[in-house]
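# Analysis of the macromolecular model
Now for the letters of each chain:
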Amino acid sequence: MMHKSKSLRAQLIARLTLPLLVVVILDAVASYYVAMYFTDQAYDRWLLDSARSLVQEVKVKDDHVTFELPPIATEVFRWDDMDETFYKVEAESIGFMAGDGSLPSPAIAGLNQNKPYFFDGRIDDRPVRVASVLTVPEAGGDRVLVSVAETVNKRRSMMSELLLAVILPQILLVLITGFHIWTGVNRGLSPLRDLARLIGKRSARDFAPIPDTGVPLEVRSLTDTINGLLQRLGSTLITQQRFIENAAHQLRTPLAGLKIQAERALSADNPETMRLALSHIQNSANRVAHLNTQLLVLARSESISHGVPEFRLIDLARLARDCCMDWVPRALDRKIELGFEAPDSAVRISGDDVLLRELLGNLLDNAIGYGKAGGYIGVSIESAPHARLIVEDDGPGIPVGEQDKIFERFYRVPGSPGDGCGLGLAIVKEIADLHAAQINIGDRLPMHKGTRIEIVFTG
């Protein structure tokens, strides 16, 4: 399944603009309620003044509450170019006295004389704002409620003007901020684009470090990581090239020998000459096969080291015993005594049994090939303090000055007998490193010739 890649630019812009939009929306909501509050405050005062002016017309005559408003005064009171004004006068005992009977009003019994009451209502299916004032004439008598209402056109117009005055600058601010966020993100990502362009122009064999002059600190960590990777890739490529060249050189000799001996066998007139040529062909073929096997083991160990090794628990003592049994015939050919010693209980380590067999096989191959005929080779397993594989022989030993070089690929100690290719101990080193094991090399015993190699499994 293909996963859709996410744009870093889009993520940065979203993370910068979304909080800004949330703040703007919250500010717009707050501005709406603030505008509504102050609009109501302004027009509610007018309604209250109008209601109090009508209260002045409430009189008491002959112990009866009256309300008289001349027609001209009513016309002036109701005049407005945007809204309609309504009023209603009612007494607690007699009820409706004057004005618009359909105007909603609160219950008189629940009102306080000293406190006006404001509320929203509807008249003729139109929204209105109502202010009610409760009064008691000085001459005594019934309590009277005077209510004044007005439609909300002026309020809405004023709120729109206030909101427009507040929101327009905010919208302009958002646009300017968004523009600067966009250009800032693009400018901030330009070093990454320049880095991608620089890497894209490079050849497959250019492993020179990427210059970090003028690179921001946040990008420098990326360039440092890439430079480290380029250095490792360059080293790996050099190692591979050297390995291929050495392998080609090592294969060239036995293959050339095969060709020459085959030509000699074809041109031979007597069986003895042909038998000798065929013997040389067999030796060259064995050498090529051995070299090919070692190269395959190296390739296997390298492929495992670049991935996640799938190790399992292995009885090192049993594995070493079985491997030694396989090498007994080869040791007997050179009249070498091959000894083995291990604890009775299992010595378990985590590893790859095929590679560990190859490790011990190469150690035995070196010991048999470079040890003296009729000599002794000992293989032992120790379990404490760590699992330990020890191979020692009574051969000529390895000079101290050469002990650091023998694990290099295709390196052979000068003057060494035999026709080895110098890969055996390199394979041992590769496999030991893969198992996080330590290699110790030294003399077999003090004052005795020979070589002792220890593989210590500390993992």
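Residues numbered from 1 in each chain as written. Predicted model: local features only at pLDDT ≥ 70, side-chain atom pairs only at ≥ 80, totals over all residues. Heavy atoms only, no water.

## Considering the state of the cysteines
Put simply, the rule reads: By convention in this document, the label disulfide applies to cysteine sulfur atom pairs within 2.5 Å. Remark: exposure states derive from per-residue accessible area (1.4 Å probe, protein chains only) relative to the maximum for the residue type, with buried under 20%, exposed over 50%, and partly exposed in between.
Inspection of every chain in the model, using the stated rule, returns 0 disulfides. Here C323 is not disulfide-linked; the sulfur of C324 is the nearest cysteine sulfur, at 6.1 Å. Take C324: its relative accessible area is 5%, and that puts it in the buried class.

## Thoughts on the nonpolar core
What counts, and what does not: We define a nonpolar core as any set of buried Ala, Val, Leu, Ile, Met, Phe, Trp, Tyr and Cys residues linked to one another through side-chain atoms lying within 4.5 Å. Comment: elements are numbered from the N terminus, with helices defined as DSSP H or I runs of at least four residues and strands as E runs of at least two. Every residue pair with non-hydrogen atoms within 4.5 Å of one another is taken to be in contact.
Among the nonpolar cores identified, the biggest contains 39 residues, and L359, L360, L363, L364, L389, I455 and F457 are the most heavily contacted of them. Contributions of two or more residues to this core are made by helix 6 (316-333), helix 7 (353-370), strand 11 (376-382), strand 12 (387-393), helix 8 (424-434), strand 13 (437-443) and strand 14 (451-457). Sequence-distant contacts of L360, defined by excluding residues within four places in its chain, comprise A320, C323, V379, L389 and V391.

## What about the packing of helix 7 against helix 8?
Heads up, the condition is: Every axis in this analysis is a line fitted to C-alpha atoms, fitted for helices over the stretch in contact. Angles between the N-to-C directions lie between 0 and 180 degrees. A clockwise turn of the near helix away from the far one marks a right-handed crossing, whereas an anticlockwise turn of less than a right angle marks a left-handed crossing. In this classification, the charged set is Asp, Glu, Lys and Arg, the nonpolar set is Ala, Val, Leu, Ile, Met, Phe, Trp, Tyr, Cys and Pro, and all remaining amino acids, among them Gly, are polar.
For the pair helix 7 and helix 8, interaxial distance at closest approach is 9 Å and the crossing angle is 145°. Our pair here, helix 7 against helix 8, has a crossing hand that is left-handed. Here L355, L356, E358, L359, N362, L363 and N366 of helix 7 lie close against helix 8, whose contacting residues are G424, L425, I427, V428, I431, A432 and L434. When the residues that make up the contact of helix 7 with helix 8 are grouped by side-chain class, the tally is 10 nonpolar, 3 polar and 1 charged.

## Examining the pattern of salt bridges
Stated formally: A pairing counts as a salt bridge when a side-chain nitrogen of Lys or Arg comes within 4 Å of a carboxyl oxygen of Asp or Glu.
In this structure the tally under the stated criterion is 19 salt bridges. Two residues, R155 and D44, come together in a salt bridge whose shortest N-O distance is 2.9 Å. With R155 in helix 3 (residues 153-200) and D44 in helix 1 (residues 8-55), this pair connects stretches of sequence that are 111 residues apart. There is no split in this pair, since R155 and D44 are both buried. A salt bridge links R197 to D194; the shortest N-O distance between them is 2.8 Å. Pair noted here: R197 and D194 are both in helix 3, with a separation of 3 residues, about one helical turn. Residue classification places D194 among the partly exposed residues on the basis of a relative accessible area of 41%.

## Digging into the sheet that holds strand 3 (residues 85-91)
Note the threshold: Pairing between strands is defined by DSSP: at least two bridges between them are needed.
Taken together, the 5 strands give an open sheet; going across it, the order is 4-3-7-6-5, and neighbouring strands pair in antiparallel fashion. Each having just a single partner strand, strand 4 (95-99) and strand 5 (117-123) make up the two edges of the open sheet. For this sheet the average axis-to-axis angle between neighbouring strands, irrespective of direction, equals 30°. As judged from the 7 bridges shared by strand 3 and strand 7 (residues 144-151), these two strands associate in the antiparallel manner. Looking across to strand 7, one finds that Y87 is bridged to V148. The strands touched by helix 1 are strand 3, strand 5, strand 6 (126-135) and strand 7; relative to strand 7, the strand with the most contacts, the crossing angle is about 140°. In the packing of helix 2 (residues 71-78) onto the sheet, the strands contacted are strand 3 and strand 7, and the crossing angle to strand 3 comes to about 125°.

## Topic: the sheet that holds strand 11
Taken in spatial order, the 5 strands of this open sheet run 9-11-12-14-13, and their pairing is mixed. Looking at the sheet topology across the chains shown, the edges are occupied by strand 9 (337-341) and strand 13. Averaged over all pairs of adjacent strands, the angle between their axes in this sheet comes to 10°, without regard to strand direction. Both strand 9 and strand 11 contribute to a ladder of 5 bridges, which runs parallel. In the strand pairing of strand 11, E341 is matched with S380. Packed on one face of the sheet, helix 6 meets strand 9, strand 11, strand 12 and strand 14 and runs near 170° to strand 9. Of the strands in this sheet, strand 13 and strand 14 touch helix 8, which is tilted by about 140° from strand 13.

## Section: unusual backbone geometry
What is expected of a backbone is that most residues other than glycine have negative phi and most peptide bonds are trans. Cis peptide bonds are those with omega within 30 degrees of zero, and the linkage from A384 to P385 qualifies with 0°. Within the secondary structure, P385 sits in the loop between strand 11 and strand 12. One non-glycine residue with positive phi stands out, namely D124, at about 55°. Checked against the element boundaries, D124 lands in the loop between strand 5 and strand 6. Even without a glycine there, the phi angle at K335 is positive, about 60°. Relative to the elements of secondary structure, K335 occurs in the loop between helix 6 and strand 9. Residue class for K335 comes out exposed when judged on its relative accessible area of 67%.

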